[in-house]
Amino acid sequence: MRVSIDTRPGGANPNEDWVAGTPTLAIVLDGLSTAGLPTGCRHGVPWYVAQLGGQLVAALAEPDRPLSSALAEALERVAQLHPECDLSDPGTPSATVAVLRHRYGVLDHLVLADSPIVFDGPDGYSVITDLRVDDVLPEMRAEVERHETHTPGHRAALQGFVLAQRQVRNTQDGYWVASASPEAAEHALTGTRPLKEANAAAVISDGVSRLVTEYQMATWSDVFETLRSGGPADLINHVRRVEATDPTGRRWPRYKSGDDATIAFCQW
């Protein structure tokens, strides 16, 4: 498998995404925004995604290991790296996870939360994503989106929304993300398909997928055409050009003007 990658922050803050590509793996992690709120952890989200990504690659050194089992081990190992932090805090650093693995003529996938894997197949495009977060607290989400970005009202609404999300994160009544407990791995979406059923695949953070799903300024066909002609960097440039036409989120209400954007484009 040939994997080309790129990742860029959405603004002046450090990038909270993480990506890796090997001849058999493509992994994208998207750290959850803290909205400036305390987390109980002194390390921060960029540290967390870097540690989780490294541990996940190591746990997947055995090619036959189930992806969910490897994720559970990686989560446990990261938790052991910072026992001095309050890992029971509901705001403890968290991330989405998307993994694609190539082995023995098949493709295995794992998706936890809303960083999708998109397959370009002989019969069209298929998207693997976990959108349970969209069903949580819709009224508070709408209140955030009522305000333009970079305004006091938007900041206050976003912090209130994040605080409320934390209370249902990794619970049966909410949604699941990678955090401090290995239990989250049990709730990931997993599957396998023959390699012949996919011409290529894109493992991406929602900072990229929104070009299609929220902005509706491209189709998946457009996305793969750009990836093949200009690579991940060209696609992220396109996302940024679109966002620059709506810097305060008036046309496309959102949590921030530009989100961290990450791509692992896989071909074989």
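Here the residue index of a chain counts from 1 through its sequence in written order. Totals for whole chains, interfaces and linings use every residue, but because this is a predicted model, local features are given only for residues with pLDDT of at least 70 and side-chain atom pairs only at 80 or more, for both listing and counting. With hydrogens and water stripped out, all remaining heavy atoms of the structure feed into the side-chain values.

Points about the overall build of the chain
- By the criteria applied, helices consist of DSSP H or I runs no shorter than four residues and strands consist of E runs no shorter than two, each listed in order from the N terminus. Looking only at helices and strands, the chain features six helices and ten strands.
- Relative to the 2.2 N^0.38 estimate, which gives 18 Å for 268 residues, the radius of gyration of the chain is 18 Å and therefore close to what a compact globule would have.
- Counting only C-alpha atoms, the chain reaches 50 × 45 × 30 Å along its principal axes.
- Relative accessible area decides the class of each residue, using a 1.4 Å probe on protein chains only: under 20% of the type maximum gives buried, over 50% gives exposed, and in between gives partly exposed. Counting the 268 residues in the chain, one finds 52% classified as buried.
- Contacts are residue-level and defined by heavy atoms, with any inter-residue pair within 4.5 Å sufficient. In the chain, 70% of the contacts between residues at least 6 apart in sequence involve partners at least 24 apart.
- Only the protein chains shown count as cover for residues, and all accessible areas are computed by the Shrake-Rupley method using a 1.4 Å probe. Approximately 11500 Å² of the chain is accessible, and the part contributed by carbon and sulfur atoms is 52%. Each radius of gyration reported is based on C-alpha atoms, and the globular scaling rule is 2.2 Å times the count of residues to the power 0.38.

Here's the deal with the side chain of Asp130
- You can see Asp130 is positioned in the loop between strand E7 (124-128) and helix H3 (138-145).
- A residue is classified by how much of its surface remains accessible, and Asp130, at 4% relative accessible area, is buried.
- Side-chain polar atoms of Asp130 contact the backbone nitrogen of Ala113, separated by 3.3 Å.
- Contacts described as polar in this section are N or O atom pairs within 3.5 Å, which, within protein, must combine one atom able to donate a hydrogen with one able to accept it, while residues neighboring in sequence count only if both atoms come from side chains. Engagement of the side chain of Asp130 in a polar contact is seen with the side chain of Arg132, the distance being 2.6 Å.
- The residues touching Asp130, leaving out its near neighbours within four places in the chain, are Val111, Leu112, Ala113, Asp114 and Leu189.

Here's the deal with helix H6 (residues 220-244)
- Here H6 is 25 residues long, yet its end C-alpha atoms lie only 21 Å apart, well below the 36 Å a rise of 1.5 Å per residue gives.
- Within H6, the axis deviates most sharply at Gly230, by approximately 125 degrees, and proline Pro232 lies no more than four positions further along.
- For H6, the complete set of buried residues consists of Trp220, Val223, Phe224, Thr226, Leu227, Gly231, Pro232, Leu235, Ile236, Val239, Val242 and Glu243.
- For H6, the elements touching its buried residues are strand E1 (2-8), strand E6 (117-121), E7, strand E9 (200-204), helix H5 (206-213) and strand E10 (261-267). In this scheme, a helix's expected span is set at 1.5 Å multiplied by one less than its residue total. For a residue, the bend is simply the angle between two axes, fitted respectively to the seven-residue segment ending there and the seven-residue segment starting there.

Details of the sheet that holds E10
- Between any two strands, at least two bridges found by DSSP are needed for them to pair. The antiparallel open sheet is built from five strands, whose spatial order is E1-E10-E9-E6-E7. Only two strands of the sheet have a single neighbouring strand rather than two, namely E1 and E7. Neighbour to neighbour, the strand axes of the sheet diverge by 15 degrees on average, direction disregarded.
- Summarising the sheet, E6 and E7 pair through five bridges and their orientation is antiparallel. The residue bridging Asp120 from the neighbouring strand is Tyr125, located in E7.
- Contacts from H6 reach E1, E6, E7, E9 and E10 within the one sheet, and its direction differs from that of E10 by about 150 degrees. In this description, a line fitted to the C-alpha atoms serves as the axis of each element, helices being fitted only across the stretch in contact, and the angle between N-to-C directions of two axes falls anywhere from 0 to 180 degrees.

So, the sheet that holds strand E5 (residues 106-112)
- Sheet architecture is open: five strands sit in the order E2-E3-E4-E5-E8, paired in antiparallel fashion. Each edge of the sheet is formed by a strand with only one pairing partner; in this case those strands are strand E2 (17-21) and strand E8 (189-194). Taking each pair of neighbouring strands and ignoring which way they run, the sheet shows an average axis angle of 10 degrees.
- Sitting on the sheet, helix H2 (residues 67-81) is in contact with strand E4 (95-103) and E5, with an inclination near 45 degrees to E5.

A few points about the pairing of E5
- Judged by how many residues are buried, E5 sits mostly within the fold: six of seven residues are covered.
- Pairing of E4 with E5 involves seven bridges; the strand directions are antiparallel. Paired with Leu100 across the strands is His109, a residue of E5.
- Counting the residues that bridge the hairpin from E4 to E5 gives two residues, and of these Tyr104 lies at a positive phi of roughly 50 degrees.
- Here E5 runs beside E8; their pairing, made up of six bridges, is antiparallel. By the bridge assignment for E8, Val106 is matched with Pro194.

Digging into the packing of aromatic side chains
- Each Phe, Tyr or Trp ring (for Trp, its six-membered ring) is paired with any other whose centre lies within 6.5 Å, and the angle between the two planes then decides the class: stacked below 30 degrees, edge-to-face above 60, tilted in between. All told, the structure shown has four aromatic pairs when counted by the stated rule.
- Arranged with centres 5.9 Å apart and planes meeting at 55 degrees, the rings of Phe161 and Tyr255 form a pair that is tilted. With Phe161 in helix H4 (residues 152-168) and Tyr255 in the loop between H6 and E10, the pair connects residues that are 94 residues apart, well separated along the chain.
- Taking the relative accessible area as the measure of exposure, Phe161 reaches 1% and is therefore buried.
- Looking at Tyr255, the relative accessible area reads 31%, which means it is partly exposed.
- Cluster of aromatic residues (ring-pair linked, three or more members): Tyr125, Phe224 and Phe265.
- A ring has a charge above it when a Lys NZ or an Arg CZ is no more than 6 Å from the ring centre and no more than 35 degrees off the ring normal. Of note, Arg193 hangs over the ring of Phe119, and the distance from its end group to the ring centre comes to 3.9 Å.

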